[in-house]
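# A closer look at the structure
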Amino acid sequence: MSHDPTTYVRYHPGLEVKQANEDAIIDTIVESMLRVNQKVFDKHRHATRDAHAKSHGVLKGRLDVYDNLPEPLRQGVFASPASYPAVLRLSTAPGDLHSDRIPAPRGMAIKLLDVPGPQLLPGRENVHTQDFLLVNHPVIAFGHAAAYLKTQQLLEKHADDPEAVRKMLAALAHGGSKALHLLGIENPTVDTLGAPNHHILGETFYSMAALRHGEYVAKLCAAPLSDNVRALTGQPLRDDAGDSELRDLVVDFFRQQGAEYELRVQLCTDIAKMPIEDASVRWDEDASPYLPVAKLTIPPQEAFSPARRVFADDVLSFNPWQGIEPHRPLGSIMRARIRAYETSSRFRHEMNAQPRIEIDDLAQVPD
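Residues numbered from 1 in each chain as written. Predicted model: local features only at pLDDT ≥ 70, side-chain atom pairs only at ≥ 80, totals over all residues. Heavy atoms only, no water.

If you look the protein up in an unreviewed UniProt entry, it shows as Catalase from Pseudoduganella armeniaca. Recorded under Function (unreviewed entry), the UniProt text for the protein is reproduced unchanged: "Decomposes hydrogen peroxide into water and oxygen; serves to protect cells from the toxic effects of hydrogen peroxide." (UniProt positions renumbered as here; feature names shortened; annotations may be inferred.)

So, on to the nonpolar core. In this structure, F78, L201 and L263 are the most contacted members of the largest nonpolar core, which totals 73 residues. With residues near it in sequence (within four places) discarded, L201 still touches L90, P224, V229, L232, V250, F253, F254 and Y261. Counting 13 residues, the second-largest nonpolar core is a separate cluster that includes V87, L133, A312 and I359. (Core = buried A, V, L, I, M, F, W, Y, C linked by side-chain atoms within 4.5 Å. Buried < 20%, exposed > 50% of the residue type's maximum accessible area, 1.4 Å probe, protein only. Contact = heavy atoms within 4.5 Å.)

Next up on the list: the packing of aromatic side chains. For the coordinates displayed, the defined rule picks out 4 aromatic pairs. Aromatic side chains Y206 and Y290 sit 5.8 Å apart centroid to centroid with 65° between the ring planes, which places their arrangement in the edge-to-face category. Remark: Y290 occurs in the loop between β8 (259-267) and β9 (291-298) and Y206 occurs in strand β5 (residues 205-206); sequence separation between them is 84 residues. Grouping residues by exposure puts Y206 and Y290 together as buried. Positioned above the aromatic ring of F318 is the side chain of K111, whose terminal nitrogen or guanidinium carbon lies 5.0 Å from the ring centre. (Phe/Tyr/Trp six-rings, centres within 6.5 Å; stacked < 30°, edge-to-face > 60°. Helix = DSSP H or I, 4+ residues; strand = E, 2+ residues; numbered from the N terminus. Lys NZ or Arg CZ within 6 Å of the ring centre and 35° of its normal.)

Most of strand β1 (residues 54-65) is tucked away, with 11 of its 12 residues classed as buried. As defined by bridge partners, β1 adjoins strand β2 (residues 83-92) across 10 bridges and the pair is classed as antiparallel. Within β2, the residue paired with R62 across the bridge is P85. Of the strand pairs in this sheet, β1 and β9 are connected by 4 bridges, and their pairing is antiparallel. Counterpart to D64 in the pairing with β9 is K295. (Pairing = 2+ DSSP bridges.)

Where burial is concerned, most of strand β7 (residues 216-224) is hidden: 9 out of the 9 residues are buried. Note that β5 and β7 share 2 bridges and pair antiparallel. Across the sheet, Y206 pairs through a bridge with C221, a residue of β7. Direction of pairing for strand β6 (residues 211-213) relative to β7: antiparallel, over a ladder of 3 bridges. Of the residues in β7, the one forming a bridge with L211 is A218. Counting the residues that bridge the hairpin from β6 to β7 gives 2 residues, and of these G214 lies at a positive phi of roughly 60°. The pairing of β7 with β8 spans 7 bridges and is classified as antiparallel. Opposite A223, over in β8, you have E262 as the bridge partner.

Under the counting rule described, the total for this entry stands at 23 salt bridges. In this structure, the salt-bridge partner of R62 is D64, at a minimum N-O distance of 2.8 Å. The class for R62 is partly exposed, based on a relative accessible area of 37%. On the basis of relative accessible area, D64 is assigned to the buried category, the value being 19%. One continuous salt-bridge network, built from bridges that share partners, spans E16, E22, E277 and R335. (Salt bridge = Lys/Arg side-chain N within 4 Å of Asp/Glu carboxyl O.)

As structure tokens, this is what we get:
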């Protein structure tokens, strides 16, 4: 494929177009999330994230940017060959703790350290991190704030109904936007949308929504690179899997061996066919394939020690807006996340009486 920069959409602020009543929609989303947060806290007597509450492993590693990248890829943290310390959190999408036997979207959150440049959010003048939040599906079922509100209201309505939640998780795991937008979870078609429940370390994880990529616009993914994790792609969980099967798999794997993943970037070539404001639309990989930019190396380690779990679940924050301007999140789903993540993080830290800190050294992550 040609790397002629003229074939790629150039970033400018006018690419984003706010929805009608977007601020009010986001307010309603955040209020609903906070009510669910409170309900989950009352259930467990412990505050969790309003999304990706359940962790399966916390890992220390390193991101190495490839040399000789073409100019359109050579942007932001990928602008030149560099090595960044990294901490990763593997998780499941819901804001409550469900059995790993239930198919649901799985996540990989990456925090890079020693990242130069001013941060997007105020109050982070002395911080040098970049977060990338990825999920094992290339699109998000609720692709804009208005659709997200409908889904959030549905999740709140059925928060105490385990069977309804199971059906919604299955739909979300398969990107079942049509089923969810109909808000008819009793519709039997939702039952057919359950995604296979696979080994989390063999998954490819996507940003789903768009990001600024320096002078351009892109989506990001992290794909298995080393043979040992590539061999896990599509491997189903055992029939007799336990409630914490994914944690057990991650812990057992990293006690014995390390892993490599590759970060890849898909550049936007056509704003009409690759929209920024609707993250439910899959960008055509024939028109613009994901191209490699960096390697993530994770050495063998204890992935879920008690101290590490508490630090990752209660102290650390991952947020797509914790980063630098060249990787600014784009679109209404990402704009909704500014308020949603801040509100959720404040609630979680206050209720668990934990400090809100940003790390600047991997040694701060317990072994």
